[in-house]
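Structure assessment
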Amino acid sequence: MPETGSARLPTRTELVVWRSFLRAHARVTRNLEAELIAEQRLSLAAYDVLVQLEESPGRRLRMTELAEAVLLSRSGVTRLVDRLERAGLVTRERADGDGRGVVAVLTQAGADRLHTAAQTHLAGVVRYFVAPLEPDELNTLGHTCDRLSSSAAEGLDRTATVHETTSTDLTRPRGGA
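Conventions we followed
Going along each chain's sequence as written, the residues are numbered from 1 onward. Totals for whole chains, interfaces and linings use every residue, but because this is a predicted model, local features are given only for residues with pLDDT of at least 70 and side-chain atom pairs only at 80 or more, for both listing and counting. Side-chain numbers here rest on the full set of heavy atoms in the structure, without hydrogens or water. Two strands make a pair as long as DSSP finds a minimum of two bridges between them. What counts as a helix is a DSSP run of H or I of at least four residues, what counts as a strand is a run of E of at least two, and both are numbered from the N terminus. To obtain each axis, a line is fitted to C-alpha atoms, and for helices this fit is confined to the stretch in contact; angles are then taken between N-to-C directions over 0 to 180 degrees. Oblique is the label for any angle not under 35 degrees, not over 145, and not in the 65 to 115 range, which are roughly parallel, roughly antiparallel and roughly perpendicular in turn. Left-handed describes a crossing whose near helix is turned anticlockwise from the far helix through less than a right angle; right-handed describes the clockwise counterpart. Whether two residues are in contact is decided by their heavy atoms: any pair within 4.5 Å suffices. In this count, Pro and Cys sit with the nonpolar residues alongside Ala, Val, Leu, Ile, Met, Phe, Trp and Tyr, while Asp, Glu, Lys and Arg are called charged and the others, Gly among them, polar.

Take the sheet that holds strand E2 (residues 90-94) next. Spatially, E1-E3-E2 is the arrangement adopted by the three strands of the open sheet, whose pairing is antiparallel. The outermost strands of the open sheet, each flanked by one partner alone, are strand E1 (60-62) and E2. Ignoring which end each strand starts from, the neighbouring axes of this sheet average 30 degrees apart. Pairing of E2 with strand E3 (residues 102-106), which is carried by five bridges, proceeds in the antiparallel orientation.

Structure follows, in structure tokens:
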């Protein structure tokens, strides 16, 4: 298993691979988003919210769970759900048994819109992600991404623990300037 931790910096070759990964991700997602917007008038983030809700029990998720699932900040997902709610694709309800919690709920119109948009999105996934790779390359990439995701999740857990024990937080604005 490769060395982990922050004791060393990446080699030139490792940086080339890292940048290649970032470039590929950016180009694929940019193309997927452009097609969704052009053909369905739906952003990739909005599509992702609809997918997450469709795949959740009862087609509903707490806003905090939704934010984590779509990798947006709480405020970002709130603004996006606001727009989806105005379009009639999502509603908000109070969480059962919790007067403070709010859940986003996929409407039937949202499910219908998702099923239509899925044709565009999934065709793009095949075009930009599946078709350029051989089956064994796709399988290897899947395993590699799973390892990267697991490793990064462990890093987030360590960071959260360190953050909780740190008394000075310079990442959040304080009252007064």
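Read on for the rest.
Right, let's get into the packing of helix H2 (residues 44-54) against helix H3 (residues 63-70). Look at H2 against H3: their axes get within 10 Å of each other, and the N-to-C directions meet at 120 degrees. Considered as vectors, H2 and H3 are oriented oblique to each other. Crossing hand, H2 versus H3: right-handed. Listed contacts from H3 to Asp48, Val49, Gln52 and Leu53 of H2 are Leu66, Ala69 and Val70. Partitioning the contact of H2 with H3 into residue classes produces five nonpolar, one polar and one charged.

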